Amino acid sequence: MSRIWKKPVELPSGVTASVSGQTVEVKGPKGSRSFTATDDVSITVEDNLVRIDPRGKSKRARQQWGMSRTQVANLVKGVTEGFKKELEIQGVGYRAQMQGTTLKLNLGLSHDVDFVAPEGVTVTAPKQTEIVVEGIDQQLVGQVAANIRAWRAPEPYKGKGIRYKD
């Protein structure tokens with residue numbers, strides 16, 4: 001069983017955290033993000049540490065303890081380093097290119113697919129067969145990468161389609 005909840009989240013230099021009620025707001029060089037925890041945990045900021053503790057000994061309080069700690073750690077990582085997903089395209093004639101802020105995909109369909117990334121996420125195509133999705137929100141970056149991949153998921157025999165790089 002994981003014991004990650006016992007470890008407080010360290011704030012690197014240049015990152016500040018503030019707590020109001022059950023909402024934690026983290027500000028850093030790449031932006032600011034916030035997370036609202038349930039009433040099962042209490043959140044405190046002291047020095048350069050964010051500490052999450054359970055309120056009670058119920059199973060739900062222990063579950064929320066670990067999840068809340070991980071969410072806060074992801075906020076800190078997002079505003080300092082950011083998150084990145086890399087996709088690669090395999091298949092004859094399959095390619096991607098950027099036209100302004102729109103990603104244009106040629107995937108063997110009767111039409112080109114125009115994908116506009118939501119606000120807060122940056123999509124780039126450094127090569128015709130590579131797509132890079134970056135942002136400070138881990139969930140949003142993963143969802144955008146999954147939405148791009150859904151246009152042509154890799155087929156099981158030849159592997160043609162859009163796949164995650166690793």
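All of these numbers come straight from a predicted model, not from anything done at the bench.

**Student:** Looking at this structure, I do not really get helix α1 (residues 59–80). What am I missing?
**Tutor:** Each full turn of the α-helix corresponds to 3.6 residues, which orients residues three or four apart in the same direction. Over its 22 residues, α1 extends 32 Å from the first C-alpha to the last, a length consistent with the 32 Å expected when each residue adds 1.5 Å. Turning to α1, its buried residues number three or more, namely A61, Q64, W65, G66, S68, R69, V72, L75, V76, G78 and V79. Where α1 is buried, its residues meet β1 (9–10), β3 (23–28), β4 (31–36), β5 (41–46), β6 (49–54) and β7 (83–90). G82, located one to two residues past α1, shows a positive phi value of around 90°.

**Student:** Sorry, what's going on with the nonpolar core here?
**Tutor:** Across soluble globular proteins, you tend to see nonpolar side chains buried next to one another. Counting 20 residues, the largest nonpolar core has L103, L105, V123, I131, V133 and I148 as the members making the most contacts within it. Among the elements of the structure, β7, β9 (102–106), β10 (113–116), β11 (121–124), β12 (130–135) and α2 (138–149) are those that each provide at least two residues to this core. With 4 residues, α2 is the largest single contributor of residues to this core. Other than its neighbours up to four places away in sequence, L103 contacts A96, Q97, M98, V113, D114, F115, V123, A125, I131 and I148.

**Student:** Which parts of the structure should I look at to understand the pairing of β12?
**Tutor:** In terms of burial, β12 is a largely internal element, 5 of the 6 residues being buried. Here β7 pairs with β12 via 6 bridges, running antiparallel. Opposite F83, over in β12, you have G135 as the bridge partner. Of the strand pairs in this sheet, β11 and β12 are connected by 4 bridges, and their pairing is antiparallel.

About the thresholds
- Residues numbered from 1 in each chain as written.
- Predicted model: local features only at pLDDT ≥ 70, side-chain atom pairs only at ≥ 80, totals over all residues.
- Heavy atoms only, no water.
- Helix = DSSP H or I, 4+ residues; strand = E, 2+ residues; numbered from the N terminus.
- Expected span 1.5 Å × (residues − 1).
- Buried < 20%, exposed > 50% of the residue type's maximum accessible area, 1.4 Å probe, protein only.
- Contact = heavy atoms within 4.5 Å.
- Core = buried A, V, L, I, M, F, W, Y, C linked by side-chain atoms within 4.5 Å.
- Pairing = 2+ DSSP bridges.

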